[in-house]
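Okay, here's what each chain looks like letter by letter:
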Amino acid sequence: DLAMVFPGMNIKCTSSNKLLGLLGQNLAGPQTGSEFSSEENWDLHETIVLIISHSGGTFAPLAVSNLLQSTTKKIFLVTSEWDTQVGKQLRASTADKKGFGNMTSRIFSTGIGIHPAEPCSLSVVATHQLLTNILVYLMGTISGKGEEAMRRFGATFMKEDAAQLERCNRDNVKVLEEIVGVDCDSIT
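This is a predicted model, so every value here is computed, not measured.

Draft legend 1. Quick look at the overall build of the protein chain. The helix and strand inventory of the protein chain stands at 7 helices and 3 strands. In the protein chain, the succession of α and β elements from N to C terminus is α-α-β-α-β-α-β-α-α-α. With 188 residues in all, the protein chain has 31% of them scored as buried. In the protein chain, of all internal contacts separated by at least 6 residues, the share reaching a separation of at least 24 is 64%. Element-wise, carbon and sulfur atoms account for 57% of the exposed surface of the protein chain, whose accessible area totals about 12,100 Å².

Spelled out as structure tokens, the structure:
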């Protein structure tokens, strides 16, 4: 979605395991089935990295976080809770430094916590919701900066699109309340 909304940005997605196979070894392993098949395809210097890991503690995302800290300090994490292994690592690496822009934390939490035996659907939905919130925020922030910012990022949306997505985002909560029969405002 981010790449469609901002085609002027260079947005790439790959698995932590692919990245480790390419950059985390003395001798890079072949990365078939990926657009990133050699180190020449990667320039991660000062890039913004978003690591997505429900548990925030599995080997590959933790290793990628460690590996990339020498390349960029702009590493963010989407995870199930604030206090995960990758989260601890990122907090330790930025303890004496200011955040990136207005961001003083580098951890985005879905707020569902760790559930070792949960079906993946819960974490997928929570992660999708959080990524939608980040997208809506970016759309609003960049469109609020004016036409020059919209051109610089190659934005393909109108302000009305951002407003409609925000409305749909809020309406999701209402629909979920109807499905489960609970009013979130009445919970204390």
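From this point, the discussion proceeds with the structure in view.
Draft legend 2. Layout of the pairing of strand S2 (residues 75-79). The buried fraction of S2 amounts to 5 of the 5 residues, a majority that puts the element mostly inside the structure. Burial along S2 is two-sided: Ile-75, Leu-77 and Thr-79 and Phe-76 and Val-78, pointing in opposite directions, are all buried. For strand S1 (residues 49-52) and S2, the ladder comprises 4 bridges, and the chain directions are parallel. Looking across to S2, one finds that Ile-51 is bridged to Leu-77. In this view, the connection linking S1 to its parallel neighbour S2 by way of helix H3 (residues 59-68) has right-handed handedness. Relative to strand S3 (residues 107-109), S2 runs parallel, the two sharing 3 bridges. Bridging across to S3, Thr-79 finds its partner in Ser-109.

Draft legend 3. A look at the pattern of salt bridges. As enumerated under the stated definition, the model contains 5 salt bridges in all. Linking Glu-148 and Arg-151 is a salt bridge whose minimum nitrogen-to-oxygen distance equals 3.3 Å. Of this pair, Glu-148 and Arg-151 both sit in helix H6 (residues 147-152), separated by 3 residues, roughly a single helical turn. On the accessibility criterion, Glu-148 (47% relative accessible area) is partly exposed. Two residues, Lys-174 and Asp-171, come together in a salt bridge whose shortest N-O distance is 3.9 Å. Residue Lys-174 and its partner Asp-171 are both found in helix H7 (residues 159-180); the two are separated by 3 residues, about one turn of the helix.

Draft legend 4. Region of interest: the nonpolar core. Of all hydrophobic cores here, the largest spans 16 residues; its most connected members are Leu-19, Ile-51, Val-64, Leu-68, Ile-75 and Leu-77. The element that contributes the greatest number of residues to this core is H3, accounting for 4 residues. Among all residues touching Leu-68, those that are not within four sequence positions of it are Leu-19, Leu-44, Val-49 and Ile-75. Counting residues in hydrophobic clusters, the runner-up holds 9 residues, among them Leu-135, Met-139, Ile-142 and Ala-149.

Draft legend 5. Molecular detail of unusual backbone geometry. Backbone geometry at Glu-46 places phi at a positive 60°, although glycine is not the residue there. Along the chain, Glu-46 falls in the loop between helix H2 (16-23) and S1. Given the relative accessible area of 38%, Glu-46 is considered partly exposed.

Here is what the cut-offs are and how they apply
- Residues numbered from 1 in each chain as written.
- Predicted model: local features only at pLDDT ≥ 70, side-chain atom pairs only at ≥ 80, totals over all residues.
- Heavy atoms only, no water.
- Helix = DSSP H or I, 4+ residues; strand = E, 2+ residues; numbered from the N terminus.
- Buried < 20%, exposed > 50% of the residue type's maximum accessible area, 1.4 Å probe, protein only.
- Contact = heavy atoms within 4.5 Å.
- Areas by Shrake-Rupley, 256 points an atom, 1.4 Å probe, with all protein chains shown as cover.
- Pairing = 2+ DSSP bridges.
- Right-handed = clockwise from strand over helix to strand, strands pointing away.
- Salt bridge = Lys/Arg side-chain N within 4 Å of Asp/Glu carboxyl O.
- Core = buried A, V, L, I, M, F, W, Y, C linked by side-chain atoms within 4.5 Å.

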